[in-house]
Amino acid sequence: MSISNITVFRPSVLTLIGIPGLETVQCWIGIPFCVMYLIAMIGNSLLLIIIRSERSLHEPMYIFVGMLGVTDIALATTIMPKMLGIFWFRVPDIYFDSCLLQMWLIHTFQGIESGILLAMAVDRYVAICYPLRHAAIVTHRLVTQIGAVVTLRAAFLVAPCLILIKFRFQFYHTTIISHCYCEHMAIVKLAAENARVNEFYGLFGAFIVAGFHLTFITLSYAQIFFTVFRLPQKEGHLKAFNTCIAHICVFLQFYLLAFFSFFTHRFGAHVPPYIHILFSSLYLLVPPFFNPLVYGAKTKQIRIHV
């Protein structure tokens, strides 16, 4: 592929413009974003304090909720300080290596959150379909191993994206990223060289993480509902549904926003950029904001301690 004369050789600094088309009102958009971030920090921190301090909550289901809370805090903190710097203080520049690091952290935490949601779905499946064997199957040791595997798997799957950008691309059409944060495809689109390998690996990674997890989460809940409907007592139906409803709410809001952002980046040429960027930003901020509210309201044991 020929390189245009108007290119930049390995830029040291990139520029995040925020939300294209809404630059004049970004200072106001930053207010609800900041409020959501603060609520996410307080809510998830409160969940973690309660789960750690109450011995009755030292069970696999609540440990997974705690893991989700830690991931949400890390994910929101990875994007919000820089985003508010762009919105409020007009500080759009970011070092190239810092941008790659932010990209790696964002997609790693997304993969970890998706993996934890899968683990929670499987835990509910075992608890409802094999209640007498749940304690023997889902042990604290297994929960620790799942946490380690989910974290390492996400980190290693995202690492090639960083390496491919860092060492394959030398020339860039521009240093301006039309986004609020450093996202994989937003950076790849800057390159003046053939990016098919990067695009293919991005699709591959998304399929391996989101596609695999979504398939098994759906199968787990399908099996749960099938088992619940076979119960003779209606009270059993309601109890099982009430146990799963919080997980289903979290699962739906996470994956619906994820797939909207993913497909818009690749196939949404007719979607206005500001719509895409707003939803992409909400995709990263809504789960940390939404999860503690859902688990605080729908999980009886946590609600009592709150």
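Residues numbered from 1 in each chain as written. Predicted model: local features only at pLDDT ≥ 70, side-chain atom pairs only at ≥ 80, totals over all residues. Heavy atoms only, no water.

A word on the confidence of the model for the chain
As a reminder, the rule being used: Looking at any residue, its pLDDT shows the predictor's confidence there, from 0 to 100. A run of H or I in DSSP becomes a helix once it reaches four residues, and a run of E becomes a strand once it reaches two; helices and strands are each numbered from the N terminus.
Averaged over all residues, the pLDDT of the chain equals 87, while 92% of them reach at least 70. Between the elements of the chain, mean pLDDT differs from a low of 71, seen in helix α8 (residues 234-267), to a high of 95, seen in strand β3 (residues 93-95).

Some remarks on the pattern of salt bridges
We count it as follows: Definition used for salt bridges: Asp or Glu carboxyl oxygen within 4 Å of a side-chain nitrogen of Lys or Arg. Exposure classes here rest on a 1.4 Å probe applied to the protein chains alone. A residue is buried below 20% of its type maximum, exposed above 50%, and partly exposed in between.
Across all of its chains, the model carries 2 salt bridges by this definition. Of the charged contacts, one joins Asp-97 and Lys-166 as a salt bridge, the two residues approaching to 2.8 Å between their closest N and O atoms. One end of the pair, Asp-97, is in helix α3 (residues 96-129); the other, Lys-166, is in helix α5 (residues 140-168), with 69 residues separating them in the sequence. By relative accessible area, Asp-97 is classed as partly exposed at 48%. In this structure Lys-166 comes out as partly exposed when scored by relative accessible area, which is 31%. In this structure, Asp-123 engages Arg-124 in a salt bridge whose closest nitrogen and oxygen atoms are separated by 2.9 Å.

Regarding the environment of Thr-78
Keep this limit in mind: Whether two residues are in contact is decided by their heavy atoms, any of which lying within 4.5 Å being enough. Any pair of nitrogen or oxygen atoms within 3.5 Å is treated as a polar contact; in protein, a donor-acceptor pairing is required on top of that, and neighbouring residues in sequence qualify only through side-chain atoms on both sides.
With respect to the element layout, Thr-78 can be found in helix α2 (residues 60-89). In this structure Thr-78 comes out as buried when scored by relative accessible area, which is 16%. The sequence separation of Thr-78 and Leu-105 amounts to 27 residues, and the corresponding C-alpha distance is 7.2 Å. Discounting chain neighbours no more than four positions away, the residues touching Thr-78 are Gln-102, Leu-105, Ile-106 and Phe-109. Within the structure, the side chain of Thr-78 is placed 2.7 Å from the backbone oxygen of Ala-74, a separation counted as a polar contact.

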